[in-house]
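# Coordinate inspection notes
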Amino acid sequence: MNPTDTPKSAGSMMSDLIGHIGNLVRNEVDLARAEVAQNLDKVGASLGAMALAVALGIAGLNLLAMSLVALVIWAGLPPHWATLVVGAALILVALLIFRSARSTLHQIGFAPTRTARNVQRDAAAIKESIHAK
């Protein structure tokens, strides 16, 4: 503090503190909003991958089933067993893709964790500044 500076009153310092806290809260809300938007983008991508897995499973069943059944019949399996084996294999592949996408979806945290850490750090700093005065 310079000798020419006039000391601030308690009311003025409280007003400044409240203003700073207001700015801090606005900044944390903005950070939380950005973090949630980023997580929603990841959710959209995972849901898109799940939809793709379903579409691939259906397309695989429709496009490859007949030729694969014919191949298995050619290999010597009766037609009804060939159909069952091919259908089960295609569904298994679709389920593996779906589970992979679902696993990715579960790993995405929806809570804004960076914001929570920042708020805790800011609250501690505010407590320290109040106790220091």
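Residues numbered from 1 in each chain as written. Predicted model: local features only at pLDDT ≥ 70, side-chain atom pairs only at ≥ 80, totals over all residues. Heavy atoms only, no water.

This part takes up the overall build of the protein chain. Scanning the protein chain for helices and strands turns up 3 helices and 0 strands. Helices and strands appear in the protein chain in the N-to-C order α-α-α. Each of the three principal axes of the protein chain carries a C-alpha extent, and together these read 100 × 20 × 20 Å. Taking all 133 residues of the protein chain together, 18% fall into the buried category. Restricting the contact set of the protein chain to residue pairs at least 6 apart, pairs at least 24 apart contribute 78%. In the structure as shown, the protein chain presents an accessible area of about 9,800 Å², 70% of it carried by carbon and sulfur atoms. (Helix = DSSP H or I, 4+ residues; strand = E, 2+ residues; numbered from the N terminus. Buried < 20%, exposed > 50% of the residue type's maximum accessible area, 1.4 Å probe, protein only. Contact = heavy atoms within 4.5 Å. Areas by Shrake-Rupley, 256 points an atom, 1.4 Å probe, with all protein chains shown as cover.)

Together, Leu 63, Leu 64, Leu 68, Leu 71 and Trp 74 make up a nonpolar patch on the protein surface, roughly 590 Å² of accessible area in all. Looking at the secondary structure, you find Leu 71 in helix α1 (residues 10-75). (Patch = residues over 30% accessible without salt bridge, like charges linked within 9 Å, V, L, I, M, F, W, Y side chains within 5 Å. Salt bridge = Lys/Arg side-chain N within 4 Å of Asp/Glu carboxyl O.)

Take the pattern of salt bridges next. In the structure shown here, the tally under the stated rule is 1 salt bridge. Between Asp 30 and Arg 33 there is a salt bridge whose closest N-O contact spans 3.3 Å. With Asp 30 and Arg 33 both in helix α1 and 3 residues apart, the pair spans about one turn of that helix. Here Arg 33 falls in the exposed class, since its relative accessible area comes to 56%.

What follows concerns the nonpolar core. Judged by nonpolar contacts, Ala 65, Val 69, Ala 82, Val 86 and Leu 90 together constitute the single largest core of 5 residues. Contributing elements (two or more residues each) for this core: α1 and α2 (79-107). With 3 residues, the single largest contributor to this core is α2. If sequence neighbours within four positions are ignored, Val 69 has contacts with Ala 82, Thr 83 and Val 86. (Core = buried A, V, L, I, M, F, W, Y, C linked by side-chain atoms within 4.5 Å.)

What follows deals with the environment of Ala 125. Position of Ala 125 among the secondary structure elements: in helix α3 (residues 113-132). Residues Ala 125 and Arg 102, 23 residues apart in the sequence, show an inter-C-alpha distance of 40 Å.

This part takes up the environment of His 106. Along the chain, His 106 falls in helix α2. Overall, the relative accessible area of 64% leaves His 106 in the exposed class. Between the C-alpha atoms of His 106 and Leu 96, which are 10 residues apart in sequence, the distance is 15 Å.

Take α2 next. With 29 residues, α2 extends 43 Å between its outermost C-alpha atoms, agreeing within 8% with the 42 Å of an ideal straight helix rising 1.5 Å per residue. Here α2 has its buried residues at Ala 82, Val 86, Gly 87, Leu 90, Ala 94, Ala 101 and Leu 105. (Expected span 1.5 Å × (residues − 1).)

With that out of the way, let us pick up the side chain of Glu 28. On the secondary structure map, Glu 28 appears in helix α1. Of the side chains with opposite charge, Arg 121 lies nearest to the buried Glu 28, which makes no salt bridge, at 5.7 Å. Sequence-distant contacts of Glu 28, defined by excluding residues within four places in its chain, comprise Thr 115, Asn 118, Val 119 and Asp 122. (Lys, Arg positive; Asp, Glu negative; His and termini not counted.)

Here we come to the confidence of the model for the protein chain. In the predicted model, the protein chain carries a mean pLDDT of 83, and 90% of its residues have values of at least 70. The element-level mean pLDDT for the protein chain is lowest in α3, coming to 77, with α2 highest at 89. (pLDDT = per-residue confidence, 0-100.)

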